[in-house]
Amino acid sequence: MDVLYTVTVATGTAEYSGTNNSIYVTLVGEMGESERTLLDNPGLDFRRGAVDQYKVASPSLLGSLLLVRLEKQRYWVEDNWYCRYVSVEPPGGDKSHTFPCYRWLIGDVKVEIREGTARRPGDDSVPQLLAHRQTELEERQKTYRWATWAPGIPRCIDAKTEADLPQDVRFDNEKRSDFEHSLQYALLELSLKKLAIMFGKSWNDLEDFKRIFWKLRSPVSEYCMEHWKEDWFFGYQCLNGSNPRMIQRCRKLPGNFPVMADMVQSSLPHQTTLNKEMEAGNIFLLDYAIMDGIPSNTIGGKSQYITAPLCLLYQHPDAGLIPVAIQLGQTPGSAAPIFLPRDQPLAWLLAKMWVRHSEFQVFQLLSHLLRTHLVVEVFCVATLRQLPAVHPVYKILVPHLRYTLEINCRGRTQLISANGIFKRVVSTGGDGILILAQREYKMLTYRSLQPYYDFADRGVSQLPKYYYREHGLMLWDAIHSFVSDMISLFYQSDRDVQRDLELQAWIRDITQEGFTELPNFGLDGELGTREELCTLLAVAIFTSTAQHAATNNGQFDWCAWVPNTPCTMRQPPPTDKDAVTMEMIMATLPDVSQSCVQMAITWHLGRAQPDAVPLGHYTEEHFTEGRAQEVIERFRKELKGIEGHILSQTEGQELRYLYLLPSRVENSITI
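Residues numbered from 1 in each chain as written. Predicted model: local features only at pLDDT ≥ 70, side-chain atom pairs only at ≥ 80, totals over all residues. Heavy atoms only, no water.

Student: I keep staring at the overall build of the protein chain and nothing clicks. Help me out?
Tutor: Each helix and strand in the protein chain was counted, giving 20 helices and 18 strands. For 671 residues, the compact-globule estimate of 2.2 N^0.38 gives 26 Å, and the C-alpha radius of gyration of the protein chain, at 28 Å, lies within 12% of that figure. Going through the 671 residues of the protein chain one by one, you find that 60% of them count as buried. Within the protein chain, counting contacts between residues at least 6 apart in sequence, those at least 24 apart form 75% of the total. When the accessible surface of the protein chain is split by element, carbon and sulfur atoms take 50% of a total near 27,100 Å². (Helix = DSSP H or I, 4+ residues; strand = E, 2+ residues; numbered from the N terminus. Rg over C-alpha atoms; globule rule 2.2 N^0.38 Å. Buried < 20%, exposed > 50% of the residue type's maximum accessible area, 1.4 Å probe, protein only. Contact = heavy atoms within 4.5 Å. Areas by Shrake-Rupley, 256 points an atom, 1.4 Å probe, with all protein chains shown as cover.)

Structure representation (structure tokens):
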């Protein structure tokens, strides 16, 4: 007499997840297989978001369940299906087992999925399960291949456009529609209404920039519009703006930045000097040497301009961090005078604009694109190629890789390509983008991706009101603790790490295939200890969540008021401080068309995503065991505590730093 198993099948909740095709299931156990069963209840099966239950017969008990085999066959027309999971309850009401799927079934296809308990390769001894691991990886390695988009930067997924990506890593339909429509909406709002007749023209006065501020706006961008000229606000952005990891302590003035003590004395309290403040650790530096010699873009047949400024800042006991000297170039001399706060106001204002213009290039292309998007893509490709879905490290990482491959493909084709948006409006557009990225990549180190080391190496561990540092370290500690707790569940010793051949293949893929041509990167091609593994996973998760949020989420706030962070400069930097006029400033800043696109693209990329999954929230349950779910719950509670601390700390502040509020940090790079 047949025995009956109760099988529950969950269909995806996104648009078009359901199917009208025929779905068959076979249960595979240690003692045999069930009947191949067509899953067909009265009415419609496998609708979007449905959780359907069926009875599956077997000639005898199957013993421990190893696999669930799903088959999809076309019924009249092809209709893809997204399966979330299958759960199986054995006869007699024994404990139900969950088999996570979380993948698309496309065409007439057969897939086998494993029960959700995380298992290292050494945990498997059944030949059928070992073969399943191997087959899964062989198929994935054919599907996800390494490619070189350009020399001298991290390698990427082999896909010329997002259309070449497998459906499992594509945007959901709702996400795709929102992404494509939001940019068009922003461009139409800014470009086709009141400003259409002005395209290609300069503004007449700084107040004219308010004309594009009439619909797309935010509280911080409006605050920026009112305070952007003030020196304290310039300093605040060095700490808590979109590029908060540029500032470094100045222990000795660079040889190419000949600031004399008397030049800056008026910016210091009477009882102190530049040398005393330098020794006390109160002098800081922004050095954009990486910009030196970068070829500038040509827009509308007109050359744009780039410089590589040096900016000295002072942590004033009353005024906070303020700029005290700016040199617009790396070579001192009459062509690059040192601008000071005591100069005529327009000259000092234009000098700060030039620094902020360099800031736009560095934060967009290096701190944001290279150091988050491209770095995380390496982890993404290596994880998909080398770790099966049952591996604990795969389960830890996969929620933090959602949508990253598609957004990076779109970035390469739509933003930084030869005819992309950056070529249209950004001074480094064209050849400059790649050269700048190649320079930064040569200097990239694994150490610099770890925040405690980063702050210590830059000498900024004690800077006050550095909320990016304070909140970032809180999130790093929470992430590292979460990862360590997870790893301790599955690796009892360093030897367990060393013996995990899949894990060792993963780290080799990262170092030898992803981060190529980086002899000084500082990440070994093998993992020897649990601590090494925990730190690496924390780097991957921190970079894809907190670090990306810090550089991405505020870009509209700081760039919407275009004079504060201009995307391009249309005149060369001034060489005569006394000759700076408002006419010169307006001729230098982006024109009407460029300003509209800058505002549109930063709104499009920096806005909160409607389908965002916050840090610590998991829409897919890859871990089914209770002890792993307990670790996730502790992580969520710690993030909730951080959320409360940040809200309490910033309550009542006129300018609140909320970019690292856990509820506003996405679980992965999706934009």
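So, next bit.
Student: Help me understand the side chain of Thr 511 in this model?
Tutor: Among the structural elements, Thr 511 can be located in helix 15 (residues 501–514). Residue classification places Thr 511 among the buried positions, given a relative accessible area of 15%. Side-chain polar atoms of Thr 511 contact the backbone oxygen of Ile 507, separated by 3.0 Å. Not counting residues up to four positions away in its chain, the partners in contact with Thr 511 are Thr 516, Leu 523, Asp 524 and Gly 525. (Polar contact = N/O pair within 3.5 Å; in protein donor to acceptor, adjacent residues only side chain to side chain.)

Student: How do you make sense of the sheet that holds strand 8 (residues 97–105) when you look at a structure like this?
Tutor: Adjacent strands of a sheet form backbone hydrogen bonds with each other and so pair up, either parallel or antiparallel. Spatial ordering of the open sheet is given by 5-1-7-8, a layout of 4 strands whose pairing is antiparallel. Because the sheet does not close on itself, it has two edges, and the strands there are strand 5 (51–58) and strand 8. In this sheet, adjacent strand axes meet at a mean angle of 25° when their direction is disregarded. Across 7 bridges, the pairing between strand 7 (residues 81–89) and strand 8 is antiparallel. In the sheet register, Val 88 faces strand 8, and the bridge partner there is His 97. (Pairing = 2+ DSSP bridges. Axes fitted to C-alpha atoms, helices over the stretch in contact; angles between N-to-C directions.)

Student: Would you mind showing me how to read the side chain of Glu 643 here?
Tutor: Structurally, Glu 643 is set in helix 20 (residues 626–650). An unpaired buried charge is present at Glu 643: no salt bridge exists, and Arg 664, the closest side chain of opposite charge, is 6.5 Å distant. Filtering out sequence-adjacent residues up to four positions away, Glu 643 remains in contact with Leu 661, Pro 662 and Ser 663. (Lys, Arg positive; Asp, Glu negative; His and termini not counted. Salt bridge = Lys/Arg side-chain N within 4 Å of Asp/Glu carboxyl O.)

Student: What's the story with the environment of Asn 282 in this structure? I'm lost.
Tutor: Following the sequence through the fold, Asn 282 ends up in the loop between helix 6 (274–279) and strand 13 (283–287). By relative accessible area, which is 23% here, Asn 282 ends up partly exposed. Separated by 33 residues in sequence, Asn 282 and Arg 249 have C-alpha atoms that sit 7.6 Å apart. When sequence neighbours within four positions are dropped, the list of residues in contact with Asn 282 reads Glu 277, Leu 313, Tyr 314 and Gln 315. Engagement of the side chain of Asn 282 in a polar contact is seen with the side chain of Glu 277, the distance being 2.8 Å.

Student: What is the right way to read helix 3 (residues 219–227) from this model?
Tutor: Each full turn of the α-helix corresponds to 3.6 residues, which orients residues three or four apart in the same direction. Listed in full, the buried residues belonging to helix 3 are Val 220, Ser 221, Tyr 223, Cys 224, Met 225 and His 227. Lining the buried residues of helix 3 we find helix 4 (231–240) and helix 17 (555–559).

Student: Could you clarify how one ought to interpret the nonpolar core in this entry?
Tutor: A general feature of soluble globular proteins is that nonpolar side chains tend to end up buried together. Ranked by size, the top nonpolar core spans 168 residues in total, and within it Ile 247, Leu 286, Val 393, Met 486, Trp 506 and Leu 533 carry the most contacts. For this core, the element with the most residues is helix 7 (residues 345–386), which contributes 24 residues. Excluding anything up to four places from it in sequence, Leu 286 contacts Phe 234, Cys 238, Met 246, Ile 247, Pro 309, Leu 310, Cys 311, Leu 313 and Val 355. Core analysis: the second largest hydrophobic core is formed by 24 residues, Val 3, Val 9, Leu 70 and Leu 105 among them. (Core = buried A, V, L, I, M, F, W, Y, C linked by side-chain atoms within 4.5 Å.)

Student: Can you help me understand the environment of Thr 543 in this one?
Tutor: Here Thr 543 lies in helix 16 (residues 530–552). Distance from Thr 543 to Thr 372, taken between C-alpha atoms, is 5.7 Å for residues 171 residues apart in sequence. Excluding anything up to four places from it in sequence, Thr 543 contacts Arg 371, Thr 372, Val 375, Val 376, His 548 and Ile 669.

Student: How should I be thinking about the pairing of strand 7 in this particular structure?
Tutor: A regular strand places its side chains on the two faces of the sheet in alternate fashion. Relative to strand 7, strand 1 (residues 3–11) runs antiparallel, the two being bridged by 6 bridges. Note on strand 7: the bridge partner recorded for Val 7 is Val 88.

Student: How do you make sense of the sheet that holds strand 12 (residues 248–249) when you look at a structure like this?
Tutor: Pairing in this open sheet of 5 strands is antiparallel, and the strands run 12-13-16-17-18 from one edge to the other. Strands with a single pairing partner mark the edges of an open sheet, and in this sheet they are strand 12 and strand 18 (338–339). The pairing of strand 16 (residues 310–316) with strand 17 (residues 320–327) spans 7 bridges and is classified as antiparallel. From the neighbouring strand, His 316 faces strand 17, where its bridge partner is Gly 320. Seen against the sheet, helix 4 touches strand 13, strand 16 and strand 17 and runs at an angle of roughly 95° to strand 17. Packed on one face of the sheet, helix 7 meets strand 13, strand 16, strand 17 and strand 18 and runs near 95° to strand 17.

Student: What is the right way to look at empty space enclosed by the protein in this model?
Tutor: One way to see where empty space is left: roll a probe the size of a water molecule over the atoms. Within the structure shown, the criterion is met by 5 cavities of 30 Å³ or more. Residue lining of the largest cavity: 22 residues in total, with His 373, Ile 407, Gly 411, Leu 415 and Leu 605 positioned closest to the centre. Broken down by secondary-structure element, the contributors of at least two residues to the lining of the largest cavity are helix 2 (173–191), helix 7, helix 9 (404–415), helix 10 (421–425) and helix 19 (592–606). With 7 residues, helix 9 is the largest single contributor of residues to the lining of the largest cavity. (1 Å grid on protein atoms, 1.4 Å probe; cavity = no way out; pocket = protein on both sides within 12 Å on 5 of 7 lines; lining within 4 Å. Points joined across faces, edges and corners; volume = space filled by probe spheres on them.)

Student: What's the story with the pattern of salt bridges in this structure? I'm lost.
Tutor: Note that side chains of opposite charge can pair when their charged atoms are close. Applying the stated criterion across every chain, the model contains 30 salt bridges. A salt bridge links Lys 577 to Asp 343; its shortest N-O distance comes to 3.1 Å. A residue pair is termed long-range when its members are at least 10 positions apart, and Lys 577 in the loop between helix 17 and helix 18 (582–588) and Asp 343 in the loop between strand 18 and helix 7 qualify at 234 residues. For Asp 343, a relative accessible area of 14% gives the class buried. The salt bridge partner of Glu 440 is Arg 371, with a shortest N-O separation of 3.3 Å. In this pair, Glu 440 sits in helix 11 (residues 431–443) while Arg 371 sits in helix 7, placing the two residues 69 residues apart along the sequence. Residue Glu 440 is classed as buried on the basis of its relative accessible area, which comes to 11%. Under the relative-accessibility criterion, Arg 371 is labelled buried at 6%. Within the structure, one salt-bridge network assembled from shared partners comprises Arg 114, Arg 119, Asp 124, Arg 133 and Glu 502.

Student: How do you make sense of the state of the cysteines when you look at a structure like this?
Tutor: Two cysteines joined by a covalent bond between their sulfur atoms form a disulfide. Enumeration according to the criterion identifies 0 disulfides in this entry. Of the cysteine sulfurs around Cys 311, a residue in no disulfide, the closest is that of Cys 238, at 6.3 Å. You can call Cys 311 buried: its relative accessible area is 0%. (Disulfide = S-S within 2.5 Å.)

Student: Which parts of the structure should I look at to understand the packing of aromatic side chains?
Tutor: For any pair of aromatic rings, the description consists of the separation of the ring centres together with the inter-plane angle of the planes. Counting across every chain of the model gives 24 aromatic pairs. Their ring planes at 50° and their centres at 5.8 Å tell us that Phe 233 and Trp 558 sit as a pair that is tilted. With Phe 233 in helix 4 and Trp 558 in helix 17, this pair connects stretches of sequence that are 325 residues apart. Each member of the pair, Phe 233 as well as Trp 558, is classed as buried. (Phe/Tyr/Trp six-rings, centres within 6.5 Å; stacked < 30°, edge-to-face > 60°.)

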